[in-house]
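Each chain, written out:
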Amino acid sequence: FESENDGSYGGFSELPMPNVILDFDRIRKWRLLEVMLGGGTTRKKDVCIPNNEEKIKAVFDILALEEVDEYYSFFEQMLTKYTNYCGVYQPKKYSPCVRFGWFSDGVALLWNQEKFQVIPKRGKDGDSTDAWVEKGSYEGGVEYQNQVYIIVPLQIKGTDNCIVVAVTHLKAKKGVTKGISNEKIRETQASEIRHRSEQMADQLNAMGWKDVSILILGDFNSEPDSASVKTILEESG
């Protein structure tokens, strides 16, 4: 086959045969699903979707996904129907995908229900309410709001331990947006996701949870020594 480098492959036109490799319906969605289900790691056999009620055992305890535009149309169905995962999705407000006739892309967080359960948030009277999930866009102008996050408190089943798990996708690219450096935008977003995660951890401590950890996952579009990553790892608090 000859590569069709016509610029329509999202910057990946240098791949051999991008028209084949990046064909979502025929190849890519199944390859992505294979990776999510542990293909190429500890599995010794190919992953097959069962025909009965038996579920595929989840290899990874937690999945954090970014740039997902086919969550409701594919990944949610496959991962929650045929495995033990439960998940939450948050699309972008102003996804560029929409301009090209596709679904909005966003982030997703899934967890193995055999290992974790979502901690409910208490109401004003102290009673438990629905599952505690915080998600949305970052604060600020449009240049901040098109990046999104999800934060969920998960109890490790059979223990008194819990983890505040967050997933996000920070501002992309070098350069400047509306007079603000993109790295400064990432740094501000990183500070917000850390602050929101710590707030949830503090609330859990106030509710009586003693052993609370924080796990922040995502696509930070940054190098390890960048200000945004250092904000998450080194900020006092």
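The text that follows walks through the structure, step by step, so that each part is easy to find. In this text the structure is predicted, and so the values were computed from the model without any measurement.

**Things to note about the pairing of strand S8 (residues 148–156)**
Of all the nine residues making up S8, eight are buried; the element is thus mostly covered by neighbouring parts of the structure. Direction of pairing for strand S4 (residues 116–118) relative to S8: antiparallel, over a ladder of three bridges. Across the sheet, the residue bridging to Gln117 is Gln155, located in S8. Two elements, strand S7 (residues 134–137) and S8, share four bridges in a ladder whose sense is antiparallel. Bridged to Gly136 within S8 is Tyr149. Relative to strand S9 (residues 161–169), S8 runs antiparallel, the two sharing seven bridges. Along S9, the bridge assignment pairs Tyr149 with Thr168. In this structure, the hairpin formed by S8 and S9 is closed by a connection of four residues, where Gly158 is found at a positive phi of approximately 80 degrees.

**Some words on the pattern of salt bridges**
Applying the stated criterion to the full structure yields 11 salt bridges. A salt bridge links Glu139 to Arg196; the nearest nitrogen and oxygen atoms lie 3.3 Å apart. Here Glu139, found in the loop between S7 and helix H4 (142–145), pairs with Arg196, found in helix H5 (residues 182–206); they are 57 residues apart in sequence, far enough to count as distant. Judged by relative accessible area, which is 55%, Glu139 ranks as exposed.

**As for the sheet that holds strand S3 (residues 106–112)**
As summarised here, the arrangement of the three strands in space is S1-S3-S2, forming an open sheet in which the pairing is antiparallel. Each having just a single partner strand, strand S1 (62–68) and strand S2 (85–91) make up the two edges of the open sheet. With strand direction ignored, the average angle separating the axes of adjacent strands in the sheet is 15 degrees. Contacts between helix H3 (residues 71–81) and the sheet are confined to S1, S2 and S3, with S2 contributing the most and set at about 165 degrees to the helix.

**Focus on unusual backbone geometry**
Positive phi values are uncommon outside glycine, yet Met17 reaches one of about 55 degrees. At Lys178, a residue that is not glycine, the phi angle is positive and equals roughly 50 degrees. Along the chain, Lys178 turns up in the loop between strand S10 (176–177) and strand S11 (180–181).

**Thoughts on the nonpolar core**
With 20 residues, the main nonpolar core has Ile151, Ile193 and Leu204 as its most contacted residues. Put simply, the parts of the chain that give this core at least two residues each are S8, S9 and H5. Ranked by residues supplied to this core, first place goes to H5 with six residues. Not counting the four nearest positions on each side in its chain, Ile151 is found in contact with Trp132, Val133, Glu134, Val164, Val165, Ala166, Ile193, Arg196, Ser197 and Met200. Counting 18 residues, the second largest nonpolar core, distinct from the first, contains Leu37, Ala58, Leu63 and Phe75.

**Observations regarding the packing of aromatic side chains**
What describes a pair of aromatic rings is the distance from one ring centre to the other and the angle between the planes of the rings. This structure, assessed with the given rule, holds eight aromatic pairs. Relative to Phe74, the ring of Trp30 has its centre 5.2 Å away and its plane inclined at 90 degrees; by these criteria the two rings are edge-to-face. With Trp30 in helix H2 (residues 24–36) and Phe74 in helix H3, this pair connects stretches of sequence that are 44 residues apart. For Trp30, a relative accessible area of 39% gives the class partly exposed. Where Phe74 meets Phe75, the ring centres are 4.9 Å apart and the plane angle is 75 degrees; that geometry is what we call edge-to-face. The exposure class of Phe75 is buried, given its relative accessible area of 4%.

So, how was this worked out
- Residues numbered from 1 in each chain as written.
- Predicted model: local features only at pLDDT ≥ 70, side-chain atom pairs only at ≥ 80, totals over all residues.
- Heavy atoms only, no water.
- Buried < 20%, exposed > 50% of the residue type's maximum accessible area, 1.4 Å probe, protein only.
- Helix = DSSP H or I, 4+ residues; strand = E, 2+ residues; numbered from the N terminus.
- Pairing = 2+ DSSP bridges.
- Salt bridge = Lys/Arg side-chain N within 4 Å of Asp/Glu carboxyl O.
- Axes fitted to C-alpha atoms, helices over the stretch in contact; angles between N-to-C directions.
- Contact = heavy atoms within 4.5 Å.
- Core = buried A, V, L, I, M, F, W, Y, C linked by side-chain atoms within 4.5 Å.
- Phe/Tyr/Trp six-rings, centres within 6.5 Å; stacked < 30°, edge-to-face > 60°.

Take it as geometry only, folks, not as evidence of what the structure does.
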